[in-house]
Each structure stands twice: as structure tokens, then as C-alpha cells.
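Coordinate inspection notes
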Amino acid sequence: MSWADLNLMPALPEIFLLSAVSVILVLDLFLSDKQRGITYLLSLLSLIGCAVITLTTSQPFPELTFSGMFVDDPMADLAKVGMYVAMGATLVYSRQYIADRGFYRGEFFTLSLFMLLGMMVMVSAHHFLTLYIGLELMSLALYALVALRRDSTQATEAAMKYFVLGALASGMLLYGMSMVYGATGSLDIGKIAAALTNGSANMSLAMFGLVFIVAGLAFKLGAVPFHMWVPDVYQGAPTAVTLLIGGAPKLAAFVFVVRILSQGLEPLVSQWQGMLVILAVLSMAIGNITAIAQTNLKRMLAYSTISHMGFLVLGILAGTPAGLSASLFYAVVYVLMSLAGFGVLLLLSRAGVDCETLDDLKGLNRKNSWYAFLMLVVMFSMAGIPPMVGFNAKLAVLKSVVDIGLIWLAVVGVVFSLIGAFYYLRVVKVMYFDEATDAEPVSQVGMDMRVLLSVNAIALLVLGIVPDGLYSVCVEAMKQSLQVL
Amino acid sequence: MSFQAFVFYVLSAILVFAGVRVITAKNPVHAALFLVLAFFTASGHWLLLQSEFLAISLVLVYVGAVMVLFLFVVMMLDIDFEQLREGFWRNLPVAGTVAAIMVAEMVLILTSPESNLNGFKEPAALAADYSNVKDLGRQIYTTYLYPFELAAVLLLLAIVAAIALTMRKRKDTKWVDPAEQVKVRRNDRVRMIQMAAEPRVEDRGGDTNNDNAAA
């Protein structure tokens, strides 16, 4: 390979983002605390720049570069655009919150952008090495972000738990990857799939590696029985950082799982399908049932995340293109719901007071009926009640499971989402039918956040009525991206 | 016995001796120096395997940086090594058992027909003008360019994260801006005042004692 062969075009968004982060990093040193708005605006601008580059260089077919370690396909592009939107919304929602709590600093933005870079590397990786480095880039930034508010013991504890368990999961994933390397003699996703198909690989060793890889992936997704870190980290982290963890990374994690299981280890589908069934059933059961007992909203949403990850896994385990598109759709929709849900919590948090418990939402309808309505849309969507888009997402995933003949699994999914509807509806009941415990008016926030949050929540309703556009984009992206390279 | 085999056995003998002395030397500085000897001999083994880059980096990184740092720490901190060594005979049975199990495991794996070590051919000898460093460099900057650059980004992120987590303006910090300190004038620090002399107070010591007792 020579320099003339190196095609940098597919990786242009990553290169742009890295340059932008470096510029922001240096520029921020020369800004006083009053001028921090410049860092904020530059971060948003670099997100817009990335989106423009990704959309203009997008191709309807996969393209490899960097010796086959990097792939630019429609699935990666879709995930990247979704992540830009999620990061942009997160930054807008969190600005007031972090300013009130004294960590409106340049590092919050640079670390967030580094995290985005890690996720972009993850979704565009076509090699176990780059998959892993992308994952570490994302995780390292997240550990630091959780711990950024150092005067809070809760946040420090959450960061410690997240760091130790995340390192353990990375270790398991690496161990599994090394076993697969031993079995197939390659780290390239296409070559691994080829070696497993043509029988040149040591199957028992590959199976051994698969078990560790699935365990590591389940850790990163937060699926039961590897979910213990999720509630503590969601609750302990500052709400702005919880939003960072609960938004874009879920989309990245989904593509990460697809790259490893549905592309690299696709020939072993009959083996990993069974493991994912266990993960899915346990996640939906424990997530939904434990969430009922929670009075802390962030903790409740953490358990709700676990149950949603169970649903996400349902589509992956189907192993069909239809199932994977349904899961991609689910991931995109989940990110939108998660953004709006935590966005409302950020909106209702005042300086010094976090909106965290069910009691804080009591009588919200009296105080501000519009915010209460937005939260209602989010909760209905998460519960999967039509006409919100959460219903369409659940329906698509369940349909793919029925298509492969696992009707009992679809029934289990429906039963647990019915159980889950209880705690979502309880939030609505508290907002509309309970008396407020305090007379504090809802805090005033900037127009940008109010408008964006309203658009975000209303999008859940609009997409629920006309889901076909987004759904067909997911189907098309998945169809083009699944061919073996 | 070929010359290479002779060199191998001599180096190995020195390595084993140095390794044993690392844990038996009474003086910690001697132990650290024996560890340096062990690293140096091990790099000789790498040279025998025609991996000159690994040999050089072992000496540069471990002997040149890590061990020197370690020696500094040993010399600067006053650690009572006799105290650390106290449990040696008491812990010996457990340590010996663990070591024996590890040796048994290694023997079982290496001699097992499953691992089939004889199936691996001896690597062909490399040409005299073959350069390991050049080959590594070429690989890193062509095939593995992308992960290599990403690793650099990872290090940058680690620096940013470490600084973000540890540096902040503290109210009780003793830090002084040197420029401000140099510019200081006598009038900024010293104020001359005129005070009338206090009349002498008798039996002062007794009073303070009473106050303390009352408090």
C-alpha cells in the first residue's frame, strides 16, 4: 500500500471532528468563564459540520478504506447522523443544568466530542482492533464525564463503579476477541466470517470466544444479567451526563453488536441466538418488574433502559435483515425517547435542586401544562401506546421474532411491556392527578431548549402517525450494509 | 553444540541466577540492579530470535526508564525491607503450591498433543540486511495507520480527562503568581503605624490560666 492508494474520503467526518476537537481544546484555554458560550457554539457548529460532511459524502453502498479497517456504509451513516442529533440535543438541554452546577467548562464539551469520535469509530469499524479502540475512546470519555462533578460523592461512586465494571467488560470482550483470532487467524470482520463459513476455523475455540464476546457486549448494552452498573450510574451521574450515556451510545452499541455478531460471527448465528434469547427475556423481565419499585425517576428510567435493551436484542437475535432493520429503528426511536425523557428532567431541575423523584413531578400539569404534556408523550411512547412511535418500534421488533417462529418470545415481550406500562402510566397519573407538594414555579430556561425539547417530543407523536419514512430508511440502510465484504 | 545454543545457555544461566537473586538479595538496591541484569540478559534472547527492535526497546524502556525510576523510589523512600520480608517462611508453603501448580499446568499444555507444538516449524532465518525496525515502521504507518492514530487520540483523551478531573481552582491553594510576586513593592506589604505603648499588666499568666479553665 502506498499513500496514493489511501482513500481518506470515507473517513472525512472523523477527520473533521478530530481537527475540530483539537481546535476547541486549544481555543478554550484562552477563554474566560464568561466566554464559555463560544466553546458551546463551536461544539454545536462542529456537529453541524460533521452532519453536512456525512450527508454529502454518503453513498448507497459500503466502501472500505485504511486497509479494510474502516467501513463507510449506509448503516454507519444513519447511526452517525442519529448520534450528531443526539449529541446536539444533549448539549442544548444540558447547558443551563451544568452552568447551575458549576461544571460549565470547556472539558465537558471536549470530552463529549471525544466520546462522539469514539462512537463514530465504533460504528465505522470493520476490524476487531478498531472496534475495540473506538469502544475504549467512548468509554474513557464517559468515565471522566461521570466523575466531572467532583464535589458530589454520588457521582464519584458512580464513576468508580462504571470504570471498574467497564474495564471488566472490556477485558472479557478482548479475551473473546483473542479466542476468535486464534480460531480464525484474522481480526478482519469479513475474513472472520469467511473463515467460519469455509470451515478453516477451529470451531470449538470460536465458540469459546463467542461466549466471552456475548458477555462483554451484554455488559456494554446493560442487558441482564450484566446490568448491575446501569441503575447506579444513571442515578449517580449528573443528569446531563446521564443523558449523554442514555442517548447516542445506545445507537453506537447497537451497531457495534451488529458488526460483531451479525457480520463477523454470522455463521455462528444458531449458537448466539440462544444466548441472546436468555439476555432478552431476563432484561425485559427484571427491567420492567424492578422499575415498578423505584421512586427515583433516574433509577426508574435506568431500569426502563434495561428493558428496552431487551427489546433491542429481540430484533438482533432474529438474525434476519428484517429483524436487524427493526432493531435499528428501535434504537433510533429509543434514543429520541431517552433524549426527551431526560430533557424534561433537566428542564425541571433548578439551581441546587435536581428533579429526580416522582414527588418532584406531582401536580406538574397545574404548574405548566405544556411540559406535562411533553412528558406524557414520552411516557406513552416508552410504554408503547399508539399513536406514539414507541408502539411502532415494539411492533416491528415483535413481528421479526414471530417471523422466525419464536411466537412464545413475542408473547413474553408483550406481557412484560404490559407490566412496564404500569410505571410509565404512574408518572402520568402523578403529573395530572396529584397535588403539588410545593408551590415553586417551574424554572425559566432558554428559548432554544424549550423549542428543541418540544420538537423532540412532538416528533415522537408525528413519527408514530407516519412511521414509514424513518422505517424505510432503516430497512434500506440495513439491506445495503449487510453484504459481506 | 552450535554457537547459538551455547550463547542461549549462557544467557539463560545468567537470567535464572539474576532472577533468583532479585528475590533473595537482602539489599533492595542490589535486588533492583539484579532485575536490570535480568532485563538485559532477556534482551539478549530477543537478539538471538532476530528481534532487535524488541531487544532495544526492552533495554530502553525497562532498564532505562522503569528501573531507574524504581531505583529512585527505593533510594528516596525509607522502606523497612526487613519488615516486608518477615512473612517469607510462613508464606512459603502456599507460594510453593501455587508455583508447583503453575509449572504442572505449563508442562501439561506444552506436552499435550492438542497444542501440537511440534507442528509449528522453526521460522526461516532472516536475511542479513533485513531490518525489523523498518518493517515495523512500515506496518504501523501503512496497514495499521488508522488504529495507530486512534491510539494517539486515546492518549490525548486520557491527558484531557486526567487534567479535567484533577485540576481546579481551590480556595485554599498556596499558589502564587511569580510575576505578581516580583512586582511587589514595600508599600504593598508593610504599613508603618504609630502606637501608644500599652501600660504593663501585672500577673498576666494567672489570668490566662483561669480563662482556660473557665472555657
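Numbering of residues starts from 1 in every chain and runs along the sequence as written. Chain letters and ligand numbers both follow the written order, the letters beginning at A and the numbers at 1. Local features in this predicted model are restricted to residues whose pLDDT is 70 or higher, and side-chain atom pairs enter the listing and the counts only when it is 80 or higher, whereas totals over whole chains, interfaces and linings include all residues. Heavy atoms from the whole structure form the basis of all side-chain values; hydrogens and water molecules are not counted.

Quick word on the overall build of chain A
Put simply, the rule reads: Under the scheme used here, helices are H or I runs from DSSP no shorter than 4 residues and strands are E runs no shorter than 2 residues, and both carry numbers assigned from the N terminus. Throughout, radius of gyration means the C-alpha value; the globule benchmark is 2.2 Å times the number of residues raised to the power 0.38. Summary of the burial criterion: residues with accessible area below 20% of their type's maximum are buried, those above 50% are exposed, and those between are partly exposed, where the area comes from a 1.4 Å probe applied to protein chains only. The charge count treats Lys and Arg as positive and Asp and Glu as negative. His and the chain ends do not count. Charge coordinates come from a single atom per side chain, which is NZ of Lys, CZ of Arg, CG of Asp or CD of Glu.
Along its length, chain A carries 20 helices and two strands. In terms of overall dimensions, chain A is globule-like: its C-alpha atoms have a radius of gyration of 22 Å, near the 23 Å expected for 485 residues. C-alpha extents for chain A along the principal axes are approximately 70 × 60 × 40 Å. Counting only residues that meet the buried cut, chain A has 62% of its 485 residues in that class. For chain A, the separation between the mean place of its 25 positive charges and that of its 28 negative charges on side chains is 6 Å.

Quick word on the UniProt feature "transmembrane region" (unreviewed entry) in chain B
The condition is simple: UniProt positions are given in the numbering used here, feature names are shortened, and annotations may be inferred rather than shown by experiment.
Under the UniProt annotation, the feature "transmembrane region" (unreviewed entry) is placed at residues 6-24, 31-48, 54-77, 89-110 and 144-165 of chain B. Secondary structure within residues 54-77 of chain B divides into 96% helix and 0% strand; the distance between the first and last C-alpha atoms comes to 32 Å.

Let's talk about the nonpolar core
Test applied: Take the buried Ala, Val, Leu, Ile, Met, Phe, Trp, Tyr and Cys residues and link them wherever side-chain atoms come within 4.5 Å; each set so joined is a nonpolar core. It only takes one pair of heavy atoms within 4.5 Å for two residues to be counted as in contact.
Of all hydrophobic cores here, the largest spans 190 residues; its most connected members are Phe108, Ile260, Leu261, Leu265, Leu314 and Leu361 of chain A. With 20 residues, the single largest contributor to this core is helix 14 (residues 321-348) of chain A. What Leu265 of chain A contacts, discounting residues up to four positions off in sequence, is Val180, Ile192, Leu196, Leu210, Ile213, Ile260 and Trp272 of chain A. In terms of nonpolar packing, the next biggest core, distinct from the first, is built from 10 residues, Leu6 and Ala11 of chain A together with Leu145 and Tyr146 of chain B among them.

What to know about the environment of Phe8 of chain B
All names here are of chain B. Within the element layout of this structure, Phe8 appears in helix 1 (residues 3-24). By relative accessible area, which is 37% here, Phe8 ends up partly exposed. Along the backbone, Phe8 and Gly44 are 36 residues apart, and their C-alpha atoms lie at a distance of 8.5 Å. Here Phe8 is in contact with His45 and Leu48, once residues within four sequence places are set aside.

Section: helix 7 (residues 189-197) of chain A
Residues and elements named next belong to chain A. Test applied: For the purposes of these results, a polar contact is taken to be a pair of N or O atoms within 3.5 Å, where, inside protein, one atom must be able to donate a hydrogen and its partner to accept one; residues adjacent in sequence count only when each atom of the pair is a side-chain atom.
Among the residues making up helix 7, those that are buried are Ile189, Gly190, Ile192, Ala193, Ala195 and Leu196. Of the surrounding secondary structure, the elements contacted by the buried residues of helix 7 are helix 5 (128-146), helix 6 (153-184), helix 8 (203-221) and helix 11 (248-264). The N-capping residue of helix 7, defined by a side-chain oxygen 2.9 Å from the backbone nitrogen of Gly190, is Asp188. Backbone geometry just downstream of helix 7 places Gly199 in the positive-phi region, at approximately 80 degrees.

Details of the UniProt feature "domain: NADH:quinone oxidoreductase/Mrp antiporter transmembrane" (unreviewed entry) in chain A
This chain's UniProt record puts "domain: NADH:quinone oxidoreductase/Mrp antiporter transmembrane" (unreviewed entry) on residues 125-419 of chain A. The distance separating the terminal C-alpha atoms of residues 125-419 of chain A is 38 Å; by composition the span is 79% helix and 0% strand.

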